[in-house]
Amino acid sequence: MLAMEYRGPKRVRAVQKPMPEMKHPQDAIVRVLRTCICGSDLHLYNGNVPDTRVGSTFGHEFVGEVVEVGSEVTKVKTGDRVLVPFNIACGECHFCRQGMFGNCHESNTEATAVGAIFGYSHTAGGFDGGQAEYARVPYANVGPTVIPADMDLDDAVLLTDVVPTGYQAAEMAGIQTGDTVVVFGAGPIGIMAARCAWLFGAGRVIIIDQEDYRLEFARNYSYCEAYNFKEMNDPVVFIKKITDWMGADCVIDAVGAEAAGNTMQTITGRKLLLQAGSATALHWAINSVKKGGVVSIVGVYGPTDNLVPIGNVLNKGLTIRANQASVKRLLPRLIDHVQNGIINPKGLITHRLPLEEVADGYRMFSAKLDNCIKTVLLPPTANQ
Amino acid sequence: MKNKTIDPKQIKGWGIDADPKNDPTYPMRDRMNVGEDPDSKHRPASLQPVDTEVLRSIERPNVSAVFGTPEPPRGLSGMIRRAAFKYSENRYRHWLPLVLADRVNVVEGVVSDLLHGHVPNIYAEKGYPVEWKHNRTAFITKMATIALATAGVVALLSSGKSKKKAKKKDYLSRY
């Protein structure tokens, strides 16, 4: 089968790989119909996530058709079209039983701080991802959700990560009616978080980024105010000033380790990997929220090799309000919102490429070329 | 385009999920009352057979019920990874060797390609064709900068070598 393959920092290609095999009675094999490149994939692409092995296939956002199921799979059957949440969750462990599907303890042997994620390094379980023609989906009774017959596959694929993560970012911000919400990062997740902030009753939503085309997109898609931090002396002072010198009620960090805007953070965090990535957005979030406010983190940070293991705060869902989205918990509500026209996920998609052009897709997204917001990859077998 | 004044109530879905009880200081872990379950450490009944080398965090007692197996550790990078997994996720000596192993693994990947008769097209793998198409000026600037920096480093290293040699000669001449 054709699959994306990682070859080293900023080097990927599409190659023929062996078909995935069933390894567990609750496994399913899914023929991928749509898969996306996520902003989080760029951390892998740039070589910033430890234990990202050459030969790995990325891709934690995908939908597909079930082609094979294990003997213990009862919730989906061959022929079902399913959206596959990016977390791999058993549904039975201590954490899954609390709805914390993003923190499953029975899917990742190689780290305890992070649950397993499709195609996201061996630190996140060592599973191949969905940027391929076929993917192995463990715990098929828990994660895969049958796509409603009237739902567009482009909407469905964005329900595997972007929409739930953006939504949970807003949920974790604890927005109260009338609150001012600031979102750092106008990538797909930040744009979706800004859109979802309104669903929780925000009175004002502001998004900050450095790319004018993304800010323009956010204004139109999320109905929010949008500002370029390159035009400010100091984003924190700017936010204080436009919030009557109080600060925002809630701030969402939707950037994570790849943050620009601070030379020292860029050198020590992004280039030398001496800390868990650049903490620029996190600094801005903490410093621009008002006293007693809430900071919600969904930007991905690296693991513990600096003074503060902020990546573990995210992955373990500690009470700073940071976590990987528990997609399964949110899906029923979000599917309703999509079907009722409240959220339009596919409106984020700006590019569609064949899987064969995966290297171009990564470069385009990483370098922010051609006004790229969100890319969908189409495997050759997707139209069969 | 300038920012517009917005009346939030005109946005479809405004306030639909508002929840005053969503108190950010209240721990998420207590919402489901799992604490009342006397036996909350459940595991799936079936365990994936361990038929390949799986590195295990020492912060857990066993292998998880399922795990990924696409790229087992091998070669020099595998040795470094095995060494890293002797330490917990709390230690530098776990993460930094893994970062090093990843870099070694990249070289191993190129060697593996060549051994299999495949010359990797690094230009295409890096997506440079699309960068050339959409971002030509910056691309040329970047390549020129890399070329100059590389030439500078080579020149620096070369000059260093000749100096060292000369020093060695002087040292020996005393005898």
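Residues numbered from 1 in each chain as written. Chains lettered and ligands numbered in written order. Predicted model: local features only at pLDDT ≥ 70, side-chain atom pairs only at ≥ 80, totals over all residues. Heavy atoms only, no water.

An unreviewed UniProt entry annotates chain A as Glutathione-dependent formaldehyde dehydrogenase originating from Hymenobacter sediminicola. Turning to chain A, the UniProt record has this under Sequence similarities (unreviewed entry): "Belongs to the zinc-containing alcohol dehydrogenase family." Recorded in UniProt under Cofactor (unreviewed entry), the annotation for chain A is "Zn(2+)". (UniProt positions renumbered as here; feature names shortened; annotations may be inferred.)

Can you walk me through the overall build of chain B in this structure?
A tally of helices and strands in chain B yields 5 helices and 0 strands. Each helix (α) and strand (β) of chain B, taken in turn from the N terminus, gives the series α-α-α-α-α. Split into buried and exposed, the 175 residues of chain B put 30% on the buried side. Considering only intrachain contacts with a sequence separation of at least 6, the fraction spanning at least 24 residues in chain B is 30%. Accessible surface, chain B: about 12200 Å² in total, of which carbon and sulfur atoms supply 61%. (Helix = DSSP H or I, 4+ residues; strand = E, 2+ residues; numbered from the N terminus. Buried < 20%, exposed > 50% of the residue type's maximum accessible area, 1.4 Å probe, protein only. Contact = heavy atoms within 4.5 Å. Areas by Shrake-Rupley, 256 points an atom, 1.4 Å probe, with all protein chains shown as cover.)

I keep staring at the domain arrangement of chain B and nothing clicks. Help me out?
Accessible area lost on assembly of the parts is the figure often given for the size of an interface. Partitioning chain B into domains gives domain 1 (52-120) and domain 2 (121-154). Computed from C-alpha atoms alone, the centre-to-centre distance between domain 1 of chain B and domain 2 of chain B is 30 Å. (Domains from an automatic or database assignment.)

What am I meant to see in the UniProt feature "domain: Alcohol dehydrogenase-like C-terminal" (unreviewed entry) in chain A here?
UniProt's feature table lists "domain: Alcohol dehydrogenase-like C-terminal" (unreviewed entry) at residues 188-264 of chain A, given in the numbering used throughout. Span residues 188-264 of chain A is 43% helix and 21% strand, its end C-alpha atoms 26 Å apart.

Looking at this structure, how should I read the pattern of salt bridges?
Side-chain pairing between opposite charges can occur once the charged atoms of the two side chains come close. A full pass over the atoms with the stated rule returns 31 salt bridges over all chains. Salt-bridge contacts for Glu5 of chain A lead to Arg7 of chain A; the nearest nitrogen and oxygen are separated by 3.1 Å. Comparing Glu5 of chain A with Arg7 of chain A, the two get one shared label, buried. In this structure, Arg43 of chain B engages Glu106 of chain A in a salt bridge whose closest nitrogen and oxygen atoms are separated by 2.6 Å. Of this pair, Arg43 of chain B sits in the segment before helix H1 (75-84) while Glu106 of chain A sits in the loop between strand S6 (87-88) and strand S7 (116-117), placing the two residues on different chains. (Salt bridge = Lys/Arg side-chain N within 4 Å of Asp/Glu carboxyl O.)

It is not clear to me how the UniProt feature "domain: Alcohol dehydrogenase-like N-terminal" (unreviewed entry) in chain A should be interpreted in this structure. Could you clarify?
When the UniProt feature table is mapped to this numbering, "domain: Alcohol dehydrogenase-like N-terminal" (unreviewed entry) covers residues 25-144 of chain A. Counted over residues 25-144 of chain A, helix gives 4% and strand 25%. Its end C-alpha atoms are 15 Å apart.

Whenever I open this one, helix H6 (residues 235-242) of chain A confuses me. Can you help?
Residue and element names in this part refer to chain A. Residues Pro235, Val236 and Ile239 constitute the buried set of H6. Seen end-on, H6 carries its buried residues on one side only, within an arc spanning 105°. Buried-residue contacts for H6 involve strand S10 (180-184), strand S11 (204-209), strand S13 (248-253) and helix H8 (280-288). Backbone nitrogen of Val236 and a side-chain oxygen of the N-cap are separated by 2.9 Å at the start of H6; the cap is Asp234. (Arc of directions from axis to C-beta. Polar contact = N/O pair within 3.5 Å; in protein donor to acceptor, adjacent residues only side chain to side chain.)

Got a minute to help me understand the pairing of strand S4 (residues 62-69) of chain A in this structure?
On any regular strand, side chains alternate: one points to one face of the sheet, the next to the other face. Residues and elements named next belong to chain A. Note that strand S3 (residues 28-37) and S4 share 7 bridges and pair antiparallel. The residue of S4 that forms the bridge with Val32 is Gly64. Pairing of S4 with strand S5 (residues 81-84), which is carried by 4 bridges, proceeds in the antiparallel orientation. Bridge pairing in S5 links Gly64 to Val82. (Pairing = 2+ DSSP bridges.)

Just checking my understanding: could you explain the environment of Thr52 of chain A for this structure?
By secondary structure assignment, the location of Thr52 of chain A is in the loop between helix H1 (41-45) and S4. A C-alpha to C-alpha distance of 28 Å links Thr52 of chain A and Ile320 of chain A, two positions 268 residues apart in sequence. Sequence-distant contacts of Thr52 of chain A, defined by excluding residues within four places in its chain, comprise Tyr6, Leu44, Phe58 and Ser121 of chain A together with Asp102 of chain B.

Looking at this structure, how should I read the sheet that holds S10 of chain A?
Sheet strands line up and pair through hydrogen bonds in the backbone, either parallel or antiparallel. Residue and element names in this part refer to chain A. Spatial strand order, S12-S11-S10-S13-S14: 5 strands in an open sheet with parallel pairing. Edge strands, defined here as strands with exactly one partner in the open sheet, are strand S12 (225-228) and strand S14 (289-297). Sheet twist, expressed as the mean angle between neighbouring strand axes with direction ignored, is 20°. Strand contacts of helix H3 (residues 162-172): S13 and S14, with the helix running at about 155° to S14, the strand carrying the most contacts. Strands S10, S13 and S14 of the sheet are contacted by H8, whose axis makes an angle of about 150° with S14. (Axes fitted to C-alpha atoms, helices over the stretch in contact; angles between N-to-C directions.)

Help me understand the environment of Leu369 of chain A, please; the structure alone is not making it clear to me.
Topologically, Leu369 of chain A is positioned in the loop between helix H11 (358-366) and strand S16 (375-378). Non-local contacts of Leu369 of chain A, meaning those with residues more than four positions away in its chain, are made with Arg363 and Met364 of chain A together with Val130, Glu131, His134 and Asn135 of chain B.

Looking at this structure, how should I read the UniProt feature "transmembrane region" (unreviewed entry) in chain B?
Sequence positions flagged by UniProt for "transmembrane region" (unreviewed entry) are, in local numbering, residues 139-159 of chain B. With 100% helix and 0% strand, residues 139-159 of chain B has end C-alpha atoms that lie 30 Å from one another.

What's the story with the interface of chain A and chain B in this structure? I'm lost.
Taken together, the contact pairs 87 residues of chain A with 82 residues of chain B. Both sides together, the interface formed by chain A and chain B hides about 7200 Å², and carbon and sulfur atoms give 52% of it. By the criterion of area lost to chain B, the three top residues of chain A are Arg11, Thr109 and Arg363 of chain A, representing 10% of everything that side buries. Inspection of the chain A/chain B interface yields 8 salt bridges. Linking chain A to chain B there are 43 residue pairs in polar contact (both at pLDDT 80 or more). Within the residue set of the side of chain A that touches chain B, elements represented by two or more residues are strand S1 (2-8), strand S2 (11-16), H3, helix H4 (188-199), helix H5 (212-222), S12, helix H10 (327-339) and H11 of chain A. No other element matches the 4 residues that H11 of chain A contributes to the side of chain A that touches chain B. Of the residues assigned to the side of chain A that touches chain B, the class counts are 33 nonpolar, 29 polar and 25 charged. (Buried area = accessible area lost by both parts, 1.4 Å probe. Nonpolar A, V, L, I, M, F, W, Y, C, P; charged D, E, K, R; others polar.)

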